[in-house]
Amino acid sequence: MNFKKFLLPLFVAVLTLSLSLFAFAAEATDVTGDVKLTVENIRKTRLTDGKIDTASSGKNVKIEIESEEPLGGIWLRYSAAPVGGYLDGETKIAENGFWSEFIPLEKNSATLTFEEVTICEINVFSKGELPSEVQCWKVAQNETDLMLFSAHSDDDQLFFAGLIPYYIARGDVDVKVCFLTTSYQDISRVQELLAGLWHCGLKNYPTILPMPDEYSESYNRANTLLKRNGYAEEDAMALVRDVLNTYAPSVVVLHDFDGEYGHGMHRYAAKVVVDTVENASETDFTPKKIYVHLLAQNEITLPIDTPIEARDGKSAFNISQEAFGFHKSQHWTWFYDWIYGDNREITAASQIRTYNPAKYGLYMSVVGADSGNDMLENIETHAARRAREEAEAAAAAEAEAKAAQVAAEAAAEETTYINHDEYYEHSEEPVESKKELNIRVFILPAIIILIIIATIFIIWVVEEDPFVRVEFPDDEM
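Conventions we followed
The written sequence of each chain sets the order in which its residues are numbered from 1. It should be noted that, the model being predicted, local features are given only for residues of pLDDT at least 70 and side-chain atom pairs only at 80 or more, the latter also being counted only at that level, while totals for whole chains, interfaces and linings use all residues. The basis for every side-chain value is the complete set of non-hydrogen atoms in the structure, without hydrogens or water. Here a cavity is any set of points on a 1 Å grid over the protein atoms alone where a 1.4 Å probe fits but cannot get out, and a pocket is any open set with protein on both sides within 12 Å along at least 5 of 7 lines; a residue lines the site when it has an atom within 4 Å of a point. Grid points are joined across faces, edges and corners, and a volume is the space filled by probe spheres set on the points. Secondary structure is summarised from DSSP: a helix means a run of H or I of at least four residues, a strand means a run of E of at least two, and numbering begins at the N terminus for each. All residues other than Ala, Val, Leu, Ile, Met, Phe, Trp, Tyr, Cys, Pro, Asp, Glu, Lys and Arg, Gly among them, are scored as polar; the first ten of these are nonpolar and the last four charged. Exposure is judged per residue with a 1.4 Å probe applied to protein chains only, and the accessible area is read against the type maximum: over 50% gives exposed, under 20% gives buried, and values in between give partly exposed. Every residue pair with non-hydrogen atoms within 4.5 Å of one another is taken to be in contact. In this analysis, strands are considered paired if DSSP registers two or more bridges between them. Helix axes use the C-alpha atoms of the stretch in contact, all axes being lines fitted to C-alpha atoms, and the angles between their N-to-C directions lie in the range 0 to 180 degrees. Throughout, the term roughly parallel applies to angles under 35 degrees, roughly antiparallel to angles over 145, roughly perpendicular to angles from 65 to 115, and oblique to all others. Note: crossing handedness is left-handed where the near helix turns anticlockwise from the far helix by less than a right angle, and right-handed where it turns clockwise. Patches draw on residues past 30% relative accessible area with no salt bridge. Two like charges within 9 Å are joined, as are two nonpolar side chains (Val, Leu, Ile, Met, Phe, Trp, Tyr) within 5 Å. Using a 1.4 Å probe, accessible areas were evaluated by the Shrake-Rupley method; residue-level cover was limited to the displayed protein chains. In the sections that follow, a salt bridge refers to a side-chain nitrogen of Lys or Arg positioned within 4 Å of a carboxyl oxygen of Asp or Glu. Here is the rule: rings of Phe, Tyr and Trp (six-membered ring for Trp) pair when centre to centre is within 6.5 Å. Planes less than 30 degrees apart are stacked, more than 60 are edge-to-face, and the remainder are tilted. Look at NZ for Lys and CZ for Arg. If either is within 6 Å of the ring centre and within 35 degrees of the ring normal, a charge sits over the ring.

(A) Representation of empty space enclosed by the protein within the structure. A complete count under the given rule lists 4 cavities of 30 Å³ or more for this structure. Space inside the largest cavity adds up to approximately 40 Å³. Around the largest cavity, the lining residues are Pro212, Asp213, Glu214, Ala222, Leu225, Leu226, Asn229 and Met265. Per element, the largest residue contribution to the lining of the largest cavity is 3 residues, and it comes from helix 4 (residues 219-228). Looking at the lining of the largest cavity, its residues break down into 5 nonpolar, 1 polar and 2 charged.

Here is the structure:
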């Protein structure tokens, strides 16, 4: 056989396969500048200027994207909740109200339409594995292990630094975050919030309550300011109650009751959640545990300075430091030096002397006191529960299968015995009679044969005249 004619096609096939695998594994690139972008009823320049603090708005907006190469997807970042979005007039987009959305594509063109929209950035990507900073948010489900209630859109990376990346790094903990106030007046702060949370590893889109934020130095002052804006305490409690009932967190984490450095909204955020839980009705959900930052009661210290192998050896605190880096609009504040140090010398939470983000106290528990430094102590996570239930179901199925097998074998054996008995029940003679019959079949012919042999022997002996006859003379008679 001539193998040479097969070598070239084989080489081409291997090369094609290798290139296709390489292309599949390759990282997607930002090709926004290489595609044709056509817009209607919205300013194009602000959509691709690389700035999240600039945006463009419009109604009945149409955005067309064309490329010579197949596209992998479009990353849209909004500066207000979009309304009535569609992809190619058929597929709904922007229906969850997310301020950051990735739309997967596998074609060379796409048309986006919105009834009303405000967009700060559009990024178009080629096919391949997306860069880590591209946010693909999930709709949060109602199974929650740990929920953080944060007053503002940077507190999650400051006074709660390390909390989110630490528990996400465990891999079996469902973490969610609820912000009690909005920062919608500053269009960049929501995008900073989302970028920071995504960097921490969070995939569940956060809850952002609509209450406005104003600086105050007491709970009463914060309460007064919120009332002026249409949110009485009972309104705030209703919002919190809806969050608790929707997501059912096993563990809740709150601000310091003294507001860390005294911020009234921090105090308000902690108190309104506690009041909501303590005044819950029988049908309302209540968490199993509540932790309060800096509470001097049942204290724990989270190990947020421990290196995380999956994050290149960085600690959870280091990851939050990096996440605060996305909050550029707040870098002018004293928080910057607080978390980084005057000369960026702070690299561990243990170096922070005031408002240490690793320190918490157990305010309430229905599952007992802690013996260690884990907020989920005595809590079965939903992932662990599902694994246990799956294992129990598998064990039950296996036991049921074994029982069925044993029953089937027993039934088969019983059938064999029944057939055996039926055989003898339907015979004309009992078993003993059949045994006697078998004996007769062999013994009687043997006896008959013996009799025949004896008879022949006797006849033969008689014919030979074995008796001696003595004849006497006549005169002796």
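On we go.
(B) Local environment of helix 7 (residues 316-324). Across the 9 residues that make up helix 7, a large majority, 7, are buried. Among all positions of helix 7, only Ala316, Phe317, Ile319, Ser320, Gln321, Ala323 and Phe324 are buried. Looking at the packing, one finds that the buried side of helix 7 touches helix 2 (163-170), helix 3 (187-200), strand 14 (307-308), strand 15 (314-315) and helix 8 (335-340).

(C) Geometry of the sheet that holds strand 16 (residues 359-365). In space, the 7 strands of this open sheet follow the order 10-9-8-11-12-16-13, with mixed pairing throughout. Only two strands of the sheet have a single neighbouring strand rather than two, namely strand 10 (207-211) and strand 13 (299-301). Taking each pair of neighbouring strands and ignoring which way they run, the sheet shows an average axis angle of 25°. Examined bridge by bridge, strand 13 and strand 16 share 3 bridges and lie antiparallel to one another. Residue pairing across strands places Thr301 opposite Lys359, the latter belonging to strand 16. Contacting strand 8 (144-150), strand 9 (175-181), strand 11 (249-254), strand 12 (289-293) and strand 16, helix 6 (residues 264-278) crosses the sheet at an angle of about 150° to strand 11.

(D) View of the environment of Lys36. By secondary structure assignment, the location of Lys36 is in strand 1 (residues 36-40). Residues Lys36 and Ser67, 31 residues apart in the sequence, show an inter-C-alpha distance of 6.4 Å. With sequence-adjacent residues up to four places away left out, Lys36 is seen in contact with Glu64, Ile65 and Glu66.

(E) Summary view of the packing of helix 5 (residues 233-247) against helix 6. Look at helix 5 against helix 6: their axes get within 9 Å of each other, and the N-to-C directions meet at 70°. Compared by their axis directions, helix 5 and helix 6 come out roughly perpendicular. Remark: the crossing between helix 5 and helix 6 carries right-handed chirality. Along its contact with helix 5, which presents Glu233, Ala236, Met237, Val240, Arg241 and Leu244, the element helix 6 presents Tyr268, Lys271, Val272, Val273, Asp275, Thr276 and Val277.

(F) Just a nonpolar patch on the surface, in detail. On the surface, Ile449, Leu450 and Ile453 cluster together into a nonpolar patch covering about 310 Å² of accessible area. Note that Ile453 resides in helix 10 (residues 431-463).

(G) Region of interest: the layout of surface pockets. Of the volumes computed, that of the largest pocket is approximately 540 Å³. Along its surface, the largest pocket is lined by 22 residues, and Trp75, Glu133, Gln135, Ala195 and Phe326 are the ones closest to its centre. Among the secondary structure elements, those contributing two or more residues to the lining of the largest pocket are strand 3 (71-78) and helix 3. Within the lining of the largest pocket, the residues separate by chemical class into 5 nonpolar, 8 polar and 9 charged.

(H) Focus on the packing of aromatic side chains. The tally for this structure, following the rule as stated, stands at 17 aromatic pairs. Consider the rings of Trp137 and Trp198, whose centres lie 5.1 Å apart with planes at 70°: the pair is edge-to-face. With Trp137 in the loop between strand 7 (109-126) and strand 8 and Trp198 in helix 3, this pair connects stretches of sequence that are 61 residues apart. Each member of the pair, Trp137 together with Trp198, is buried. Here Tyr336 and Tyr340 contribute two aromatic rings whose centre-to-centre distance is 4.8 Å and whose plane-to-plane angle is 65°, an arrangement assigned as edge-to-face. Here Tyr336 pairs with Tyr340, and both are found in helix 8, just 4 residues apart, close to one helical turn. Through a chain of ring-to-ring contacts, three or more aromatic side chains come together here, namely Phe159, Tyr261, Trp334, Phe335, Trp338 and Tyr355. The residue whose ring lies beneath Arg77 is Trp75, and the NZ or CZ to ring-centre distance is 3.8 Å.

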